[in-house]
Amino acid sequence: MKTDPESFIRANTSLMAPPHVPEIRLHLASEAHDLWLKTEEELEEIGLPPPFWAFAWAGGQGLARYVLDHPDMVAGKRVLDFASGSGLVAIAAKLAGASHVLAADIDPWAETAVRLNAAENGVALDFTGDNLIGRATDADVILAGDVFYDRDFADRLIPWFRQLAGEDRLVLVGDPGRAYLPKDRLELQATYQVPVTRALEDSEVKKTTVWRFLAG
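Because the structure is predicted, anything quoted here is derived from the model rather than measured.

Asks: Help me understand the overall build of the chain, please; the structure alone is not making it clear to me.
Replies: The number of helices and strands found in the chain is 6 helices and 9 strands. Against the globule reference of 17 Å for 216 residues, the chain gives a C-alpha radius of gyration of 16 Å, in line with a compact fold. Seen along its three principal axes, the alpha-carbon backbone of the chain occupies a region of about 45 × 35 × 30 Å. Taking all 216 residues of the chain together, the buried fraction comes to 52%. For the chain, the accessible surface area stands at approximately 9800 Å², while carbon and sulfur atoms represent 47% of it. Side chains of the chain carry 21 positive and 33 negative charges; the gap between the two charge centres is 4 Å.

What follows is the structure in structure tokens.
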């Protein structure tokens, strides 16, 4: 990496609570930081992939809220937070009593963001940068916030989630109406109105739904 992730994150984010999950504090980029508005050339110059970890996306906020409000879903269980980003959902699962939480994200910068955010909230998380799609897991619960924004990514995720659900694992998805959400394979659990960053979304509040992925 051209830039030290921890130094960069501390310099370009602020500690703040996502509006829908005030119990948790994260290192996030405010609109004042303009981090997301940097050009691809600027990001490449500092060796930074698109900083998904620097924002509390609507799907993750909704899923984290659901987990905190329904701790029985994860309490005493092994949890995988897939495409963890900032670690928001993973932190919520640990606060709700999960026995073990693995945050997974292929972005190497996310590892530092998750570590810093976990420490800020006083929880212990494990992290993997491996691509887990299609792999077996020992997790009882799989959590995935805001993952159906890309067709190719969705096409790879759907059969894996179906397989995991068919193994009697609980697969919960938080989604604010992304284009490639497979609604025919989902069971509604809860709906929220989630405040979001105007610079990233088409509105200031996104209707966000938590779904259970179905087998078959």
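Asks: I keep staring at the nonpolar core and nothing clicks. Help me out?
Replies: Note on soluble globular proteins: their nonpolar side chains tend to be buried together. Grouped together as the largest cluster of nonpolar side chains are 37 residues, with contacts concentrated most on Ile24, Val74, Val79, Leu125 and Leu143. Taken together, the elements giving at least two residues each to this core come down to β2 (26-28), α3 (58-69), α4 (88-95), β4 (100-104), α5 (108-120), β6 (141-145), β7 (170-175) and β8 (186-195). Excluding residues within four positions of it along the chain, Val74 makes contact with Val67, Val79, Ala93, Ala96, Gly97, Ala98 and Val141. Core analysis: the next-biggest nonpolar cluster, separate from the first, contains 24 residues, Ile142, Ala144, Leu157 and Val171 among them.

Asks: Even after reading the chapter, I still don't get the pattern of salt bridges, so can you show me in this structure?
Replies: According to the stated counting rule, one finds 9 salt bridges in the structure shown. In this structure, Arg65 engages Asp69 in a salt bridge whose closest nitrogen and oxygen atoms are separated by 3.0 Å. Of this pair, Arg65 and Asp69 both sit in helix α3, separated by 4 residues, roughly a single helical turn. Put simply, Asp146 and Arg178 hold a salt bridge, and the shortest N to O gap is 2.6 Å. Separated by 32 residues along the polypeptide, Asp146 in the loop between β6 and α6 (151-166) and Arg178 in the loop between β7 and β8 bring together distant segments of the chain. Exposure remark for Arg178: the relative accessible area of 18% places this residue in the buried category. Salt bridges sharing common partners tie together Glu6, Arg10 and Arg115.

Asks: Can you help me understand the layout of surface pockets in this one?
Replies: Picture a little ball the size of a water molecule; that probe, rolled over the atoms, points out where space is still empty. Estimates place the volume of the largest pocket at around 670 Å³. If you go around the largest pocket, you meet 33 residues; those closest to its centre are Phe52, Ala83, Gly85, Asp105 and Tyr149. Of all elements in the fold, only β3 (78-82), α4 and α6 reach the threshold of two or more residues within the lining of the largest pocket. The residue inventory of the lining of the largest pocket, partitioned by class, reads 20 nonpolar, 6 polar and 7 charged.

Asks: Looking at this structure, how should I read the packing of aromatic side chains?
Replies: Two aromatic rings, taken as a pair, are described by how far apart their centres are and by the angle between their planes. This structure, assessed with the given rule, holds 12 aromatic pairs. Where Phe8 meets Trp109, the ring centres are 5.3 Å apart and the plane angle is 85°; that geometry is what we call edge-to-face. Here Phe8, found in helix α1 (residues 5-12), pairs with Trp109, found in helix α5; they are 101 residues apart in sequence, far enough to count as distant. Across this residue pair, the class does not change: Phe8 and Trp109 are buried. Summarising the aromatic geometry, the rings of Phe82 and Phe153 are spaced 6.1 Å apart at their centres and angled 25° between planes, so their arrangement reads as stacked. On the criterion of sequence distance, the pair formed by Phe82 in strand β3 and Phe153 in helix α6 is long-range, its members being 71 residues apart. Neither Phe82 nor Phe153 differs from the other in exposure class; each is buried. Here a set of aromatic residues connected by ring pairs shows up, and it is made of Phe52, Phe55, Trp57, Phe82, Phe148, Tyr149, Phe153, Trp160, Phe161 and Phe213.

About the criteria used
What you see as residue numbers is a count from 1 along each chain, following the sequence as written. In keeping with the model being predicted, local features are shown solely for residues with a pLDDT of at least 70 and side-chain atom pairs are shown and tallied solely at 80 or more, while totals for entire chains, interfaces and linings include all residues. Think of the side-chain values as coming from all heavy atoms in the structure, minus any hydrogens and water. Put simply, DSSP H or I for four residues or longer makes a helix, DSSP E for two residues or longer makes a strand, and each gets a number counted from the N terminus. Note that the radius of gyration is over C-alpha atoms, with the globule rule given as 2.2 Å times the number of residues to the power 0.38. Classification of residues uses two cut-offs on accessible area relative to the type maximum, computed with a 1.4 Å probe and protein chains only: under 20% is buried, over 50% is exposed, and between them is partly exposed. Values of accessible area rely on a 1.4 Å probe in the Shrake-Rupley scheme; residue burial ignores everything except the protein chains shown. Charge assignment in this entry is limited to Lys and Arg as positive and Asp and Glu as negative, and neither His nor the chain termini are counted. Every charge is mapped onto a representative atom, which is NZ of Lys, CZ of Arg, CG of Asp or CD of Glu. Residues belong to a common nonpolar core when they are buried Ala, Val, Leu, Ile, Met, Phe, Trp, Tyr or Cys residues joined through side-chain atoms within 4.5 Å. Throughout, a contact is declared for two residues whenever any of their heavy atoms are within 4.5 Å. Whenever a carboxyl oxygen of Asp or Glu lies within 4 Å of a side-chain nitrogen of Lys or Arg, that contact is scored as a salt bridge. A cavity here means a set of points on a 1 Å grid, drawn over the protein atoms and nothing else, where a 1.4 Å probe fits but cannot get out; a pocket is an open set with protein on both sides within 12 Å along at least five of seven lines, and a residue lines either one if it has an atom within 4 Å of a point. Grid points are joined across faces, edges and corners, and a volume is the space filled by probe spheres set on the points. The nonpolar class holds Ala, Val, Leu, Ile, Met, Phe, Trp, Tyr, Cys and Pro. Asp, Glu, Lys and Arg form the charged class, and all remaining residues, Gly among them, are polar. When two rings of Phe, Tyr or Trp (its six-membered ring) have centres within 6.5 Å they constitute a pair, described as stacked for plane angles under 30 degrees, edge-to-face for angles over 60, and tilted for the intermediate range.

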